[in-house]
Amino acid sequence: MVILNEKLEFPPVDRTDPYGILAIGGDLSIDRLLLAYNNGIFPWYSEDEPIIWYSPDERMVLFPEEVKISKSMRSVLRKEGFKVTMNQCFQDVIRNCKTIDRGDGLGTWITDELENAFIKLHELGIAISFEVWKDEKLVGGLYGLDLGFIFCGESMFSKMSNASKVAFIEMAKYYQNKGYELIDCQVYNNHLASLGAVEISREEFQEYLKKGKQSNHNLNKK
């Protein structure tokens, strides 16, 4: 495990410890965060801890065309009257993700410093939010980073049944239409698995990153 300093670099991602921790320290500058996410690395830590950088051996991802929409969810999408918007209230979305009670007693991993960093990324057009509304009230949503070839999902919240699922499904449809091959969901959980996300190896994930960055580079040259 490497202790980072002010130098803008990370060790190779295959040097993680058994828990997927690659490095500790550094900062949450825009440049460091973009370097991290473009290389499959993300910060995950609590307020009383140093910044911890992860690159797990098994990566949870969604292939957008494989999002699972159950029969009951199709009915919800048709009948529940949800409205989905994009980038209408990013700060409200990240604040809800930060403060909502998830019932696990673990508190939040979205520190004040991380929240402020993502707000700056949103102002640059890189951090994106999807909002779900019901009767003009914000009832769910998610946010993450759009790197131009992959969407890196960060967190979601729901204040009523199915609202975060609606956000996830609409996000998947949006990026499928944009031609993105992959949505990064970081680590396994049952909620994501029920929506079609699967685990792939770090090596396979790195290949998708490499291919996506090259494709994006070629497009930008035209």
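Quick note: structure is the one above.
Below or above, wherever it landed, is the structure these notes cover. Computed from a predicted model, the values in this text were never measured in an experiment. (Residues numbered from 1 in each chain as written. Predicted model: local features only at pLDDT ≥ 70, side-chain atom pairs only at ≥ 80, totals over all residues. Heavy atoms only, no water.)

**Focus on the overall build of the chain**
When you go through the chain residue by residue, the secondary structure sums to seven helices and eleven strands. Scaling as 2.2 N^0.38, a compact globule of 222 residues should have a C-alpha radius of gyration of about 17 Å, and the chain matches this with 17 Å. C-alpha extents for the chain along the principal axes are approximately 50 × 40 × 35 Å. Counting the 222 residues in the chain, one finds 50% classified as buried. For the chain, the proportion of contacts with a sequence separation of at least 24, taken over those separated by at least 6, is 69%. When the accessible surface of the chain is totalled, it reaches about 11400 Å², and 48% of it is carbon and sulfur. One way to put it: in the chain the 26 positive side-chain charges average out to a point 8 Å from where the 33 negative ones average out. (Helix = DSSP H or I, 4+ residues; strand = E, 2+ residues; numbered from the N terminus. Rg over C-alpha atoms; globule rule 2.2 N^0.38 Å. Buried < 20%, exposed > 50% of the residue type's maximum accessible area, 1.4 Å probe, protein only. Contact = heavy atoms within 4.5 Å. Areas by Shrake-Rupley, 256 points an atom, 1.4 Å probe, with all protein chains shown as cover. Lys, Arg positive; Asp, Glu negative; His and termini not counted. Charge placed at Lys NZ, Arg CZ, Asp CG, Glu CD.)

**Quick look at the packing of aromatic side chains**
Applying the stated rule across the entire model yields 14 aromatic pairs. Considering the side-chain rings of Phe130 and Tyr174, the 5.7 Å spacing of their centres and the 70° angle between planes classify their relative orientation as edge-to-face. Of this pair, Phe130 sits in strand S7 (residues 127-134) while Tyr174 sits in helix H5 (residues 163-177), and the two are 44 residues apart along the sequence. Residue classification places Phe130 among the buried positions, given a relative accessible area of 3%. Classification of Tyr174 as partly exposed rests on a relative accessible area of 30%. Taken together, the aromatic side chains of Phe130, Phe151, Tyr174, Tyr175 and Tyr180 make up a single cluster linked through ring pairs. For Arg32, the ring lying beneath its charged end belongs to Phe10, and the centroid distance is 5.8 Å. Residue placement shows Lys134 over the ring face of Phe82; its charged tip is 5.6 Å from the ring centre. (Phe/Tyr/Trp six-rings, centres within 6.5 Å; stacked < 30°, edge-to-face > 60°. Lys NZ or Arg CZ within 6 Å of the ring centre and 35° of its normal.)

**Let's talk about the pattern of salt bridges**
Within this structure, the stated rule accounts for ten salt bridges. Its salt-bridge partner being Glu115, residue Arg95 comes within 2.7 Å of it at the nearest N-O pair. Within this pair, whereas Arg95 is found in helix H3 (residues 90-99), its partner Glu115 is found in helix H4 (residues 112-123), the two being separated by 20 residues in sequence. The exposure class assigned to Arg95 is partly exposed, which follows from its relative accessible area of 42%. Taking the relative accessible area as the measure of exposure, Glu115 reaches 4% and is therefore buried. Asp112 is the partner of Lys98 in a salt bridge, and the nearest nitrogen-oxygen pair spans 2.2 Å. Of the two residues, Lys98 sits in helix H3 while Asp112 sits in helix H4, which places them 14 residues apart along the sequence. According to the relative accessible area criterion, Lys98 is buried, its value standing at 13%. Each member of the salt-bridge network shares a partner with another, and the members are Arg95, Lys98, Asp112 and Glu115. (Salt bridge = Lys/Arg side-chain N within 4 Å of Asp/Glu carboxyl O.)

**Overview of the environment of Ile52**
Position of Ile52 relative to the elements: it lies in strand S4 (residues 52-54). It is 6.2 Å that separates the C-alpha atoms of Ile52 and Ala23, two residues lying 29 residues apart in sequence. Aside from chain neighbours lying at most four places away, what touches Ile52 is Ile21, Ala23, Ile24, Phe42, Pro43, Trp44 and Tyr45.

**Quick look at the pairing of strand S10 (residues 183-186)**
Here S10 shows a buried face lined by Ile183 and Cys185 and a second buried face lined by Asp184 and Gln186. Of the pairings in the sheet, the one linking strand S9 (residues 151-158) to S10 comprises two bridges and is parallel in character. Each residue of the ladder has a partner; that of Phe151, found in S10, is Ile183. Read from S9 through H5 to S10, the crossover connection turns out right-handed. (Pairing = 2+ DSSP bridges. Right-handed = clockwise from strand over helix to strand, strands pointing away.)

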